[in-house]
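Chains, contacts and geometry: an overview
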Amino acid sequence: MRTAAAYAVSAPNGSFEKVTIERRDLGPRDVLIDIKYAGICHSDIHTARNEWGATNYPCVPGHEIAGVVAAVGSTVSRHQVGDRVGVGCMVNSCGVCVACLADEEQYCTAGATMTYNTAVDAAAQPGGHTLGGYSTQVVVTEDFVVRIPDGIGLDIAAPLLCAGVTLYSPLRHWGAGPGKKVAIIGMGGLGHVGVKIAAALGAEVTVLSHSLSKQDDGKLFGASSYYATSDQQTFRELRSRFDLILNTVSANLPLDDYLRLLNLDGTLVILGLPENPLSVRPFTLAGYRRALAGSMIGSIAQTQEMLDFCAEHGIGAEIELISADEIDGAYDRVVASDVRYRFVIDVATM
Ligand code: NAP
Ligand code: ZN
């Protein structure tokens, strides 16, 4: 076993504290990563505060990990010491189910091993549940480690490991591209990367935000239109407008209002994961053959494809770099939608 510094929370209403954790010894297929940057995703907050009701404490969140390979196991072939690499939301899966064999391991029927808060045996992670990237080092099997292209700084690449692929995957799956009208609800961590990627794919992008306060940024990121959802006129003006709507909001929205913005055969995809159920009027869906769908992150292969795409198009996250002792304050600001547009922890401050 080796030790690493980390920031952990030990109760739903607790504060982050510096702790020492153990990481497993390198197995033949393992990669040891010196973590340089870790993004703060809203899912970290849902988990640290036990909003989904299934948190194992102590909890070390963090699934937007960027760093450098420090050592490799004896049979590792995909990565070498010194490589710039990333780890996203998953660190393992069964490898043999229909989803894994189809390169969709995020939908592993046995349940993928998430980067933090998944029960595992103590040989995989001392303590019995995975501990994430708010930490100086992590050990991950080579198949779940991706390359970060030289063209992207590690700090602005970190958020792509979750936010980037969570938007890239549905944009590709539902065919966003030239001639498609795409709306993104919520321009936070996920949403702002989604605007950039959808625009780079050639779609016509509209942002639907609480207010117009981030309008200038939205246009800079590539949106052609920007509307405030606090204004009911928005819903009248945009009725039946979009082919695809991606909902990144971390709170419950009146879904019928947004579904009515879909064109014939349009799809609204749920990405935000508030803890409470959502309700929909059947007539809203049936009326225009609309579809309501969901999407969970993206596969490892698609994460690599997304990083290569972002490097090619000069896309990184807009970040605010913080030190490790600022995590609590950053969480409060994310919940208040006061983030431009992703907090990233500088792991050197641990
Ligand atoms: P975030 O940075 O907090 O962004 C969420 C945005 O939603 C906010 O910036 C805000 O945008 C809008 N919003 C927040 N509260 C709202 C409210 N009460 N009413 C209307 N709009 C509101 O969070 P994030 O990191 O992007 O994550 C968003 C959600 O996606 C979280 O629930 C997270 O758990 C989930 N998630 C899902 C996946 C997946 O695989 N499906 C992956 C990662 C994260 P405006 O200010 O522009 O309105
Ligand atoms: Zn995330």
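Counting restarts for each chain: residues are numbered from 1 in the order of the written sequence. All chains are assigned letters beginning at A, and all ligands numbers beginning at 1, according to the order in which they are written. The model is predicted, so local features are restricted to residues of pLDDT at least 70 and side-chain atom pairs to those at 80 or more, both for listing and for counting; the totals for chains, interfaces and linings are taken over all residues. The side-chain quantities take in all heavy atoms of the structure and omit both hydrogens and water.

**Examining the overall build of the chain**
The condition is simple: Strands here mean DSSP runs of E at least two residues long; helices mean DSSP runs of H or I at least four residues long; both are numbered from the N terminus. Computation of the radius of gyration draws on C-alpha atoms, with the globule rule given as 2.2 Å multiplied by the number of residues to the power 0.38. For every residue, the accessible area obtained with a 1.4 Å probe (protein chains only) is divided by the maximum for its type, and the residue is called buried under 20%, exposed over 50%, and partly exposed between those limits. When checking whether two residues touch, look at their non-hydrogen atoms; a contact exists if any pair is within 4.5 Å. Residue burial considers only the protein chains on display, and all accessible areas are found by Shrake-Rupley using a 1.4 Å probe. A positive count includes Lys and Arg, and a negative count includes Asp and Glu. His and the chain ends are not counted in either. For the purpose of locating charges, the reference atoms are NZ of Lys, CZ of Arg, CG of Asp and CD of Glu.
Scanning the chain from N- to C-terminus turns up eleven helices and 17 strands. Relative to the compact-globule value of 20 Å for 350 residues, the chain shows a C-alpha radius of gyration of 20 Å, a close match. The principal-axis extents of the C-alpha atoms in the chain amount to approximately 60 × 40 × 35 Å. The 350 residues of the chain split such that 55% are buried. Across the chain, the fraction of contacts at a sequence separation of at least 24, relative to all contacts at a separation of at least 6, is 67%. By element, 49% of the accessible surface of the chain is carried by carbon and sulfur atoms, the whole surface being about 14100 Å². Of the side chains in the chain, 26 bear a positive and 38 a negative charge, and the two mean positions are spaced by 7 Å.

**A closer look at the site of ligand 1**
Stated precisely, the cut-off is as follows: Any residue with a heavy atom lying within 4 Å of a molecule or strand is counted as near it. Any N or O atom pair separated by 3.5 Å or less is treated as a polar contact, with the protein-specific requirement of one donor-capable and one acceptor-capable atom, and with residues adjacent in sequence counted only for side-chain atom pairs. Only Asp, Glu, Lys and Arg are considered charged, only Ala, Val, Leu, Ile, Met, Phe, Trp, Tyr, Cys and Pro nonpolar, and every remaining residue, Gly among them, polar.
Looking at ligand 1, there are 29 residues lining it, with S209, H210, K214, I297 and R342 nearest. At 3.4 Å, a backbone N or O of G188 approaches an oxygen atom of ligand 1. A distance of 3.0 Å separates an oxygen atom of ligand 1 from a polar atom in the backbone of L273. Contact with the protein chains removes 90% of the 920 Å² of surface that ligand 1 exposes when unbound. Taken together, the elements giving at least two residues each to the shell around ligand 1 come down to α1 (42-48) and α5 (189-200). With three residues, α1 is the single largest residue contributor to the shell around ligand 1. Along the lines of polarity and charge, the residues of the shell around ligand 1 split into 13 nonpolar, 14 polar and two charged.

**Concerning the nonpolar core**
Cut-off, in case you're wondering: The term nonpolar core refers to a set of buried residues drawn from Ala, Val, Leu, Ile, Met, Phe, Trp, Tyr and Cys, joined through side-chain atoms within 4.5 Å. Throughout the structure description, domain borders are defined by an automatic or database domain assignment.
Of all hydrophobic cores here, the largest spans 94 residues; its most connected members are I40, Y134, L171 and I197. Structurally, this core is a two-domain feature, drawing no fewer than three residues from each of domain 1 (2-162 + 318-349) and domain 2 (163-294). Ignoring any residue separated from it by four or fewer positions in sequence, one finds L171 in contact with A176, V182, G194, I197, A198, L201, L244 and L246. Counting 16 residues, the second-largest nonpolar core is a separate cluster that includes V249, Y258, L261 and L262.

**Looking at the coordination of the zinc ion (ligand 2)**
Heads up, the rule is: Here a donor is any nitrogen, oxygen or sulfur atom (N, O, S) within 2.8 Å of the metal, with 3.2 Å used for Na, K and Ca; water is not among the atoms considered, so some sites may look incomplete.
Distances from the zinc ion (ligand 2) to its protein donors, namely C41 (SG), H63 (NE2) and C162 (SG), fall within the range 2.0 to 2.2 Å. Of note, the donors binding the zinc ion (ligand 2) are all from one chain and are spaced C-x21-H-x98-C. Of this pair, H63 sits in the loop between α1 and β4 (65-72) while C162 sits in the loop between α3 (154-157) and α4 (163-173), and the two are 99 residues apart along the sequence. A relative accessible area of 8% places H63 in the buried class. According to the relative accessible area criterion, C162 is buried, its value standing at 4%.

**Focus: the domain arrangement of the chain**
For interface size, the figure often reported is the accessible area lost on association. Where we set the bar: A quick way to say it: buried area is the sum, across both parts, of accessible area lost when two parts are put together, with a 1.4 Å probe. Salt bridges are defined as contacts in which a side-chain nitrogen from Lys or Arg sits within 4 Å of a carboxyl oxygen from Asp or Glu.
Its domain assignment divides the chain into domain 1 (2-162 + 318-349) and domain 2 (163-294). Centre-to-centre separation of domain 1 and domain 2, based on C-alpha positions: 28 Å. With 14 residues of domain 1 at the contact, the number on the domain 2 side is 20 residues. Of the roughly 1400 Å² buried at the junction of domain 1 and domain 2 (both faces included), carbon and sulfur atoms supply 52%. In terms of surface lost to domain 2, no three residues of domain 1 exceed C162, E318 and Y341, which account for 41% of the buried area on that side. For the pair domain 1 and domain 2, the interface holds one salt bridge. At the boundary of domain 1 with domain 2, the tally comes to 13 residue pairs in polar contact (both at pLDDT 80 or more). Taken together, the residues of the side of domain 1 that touches domain 2 sort by class into six nonpolar, three polar and five charged.

**Observations regarding the sheet that holds strand β12 (residues 225-228)**
Basically, it comes down to this: Any two strands between which DSSP finds at least two bridges are classified as paired. Structural elements are reduced to axes, namely lines fitted to C-alpha atoms, with helices fitted over the stretch in contact, and the angle between N-to-C directions of any two is expressed from 0 to 180 degrees.
Strands sit in the order β12-β11-β10-β13-β14-β15 across an open sheet of six strands; the sheet is parallel. Sheet topology places β12 and β15 (291-294) at the edges, where each strand pairs with a single neighbour. The average undirected angle you get between the axes of adjacent strands in this sheet is 20°. Taken together, the four bridges between strand β11 (residues 204-209) and β12 define a ladder with parallel strand orientation. Bridging across to β12, S209 finds its partner in A228.

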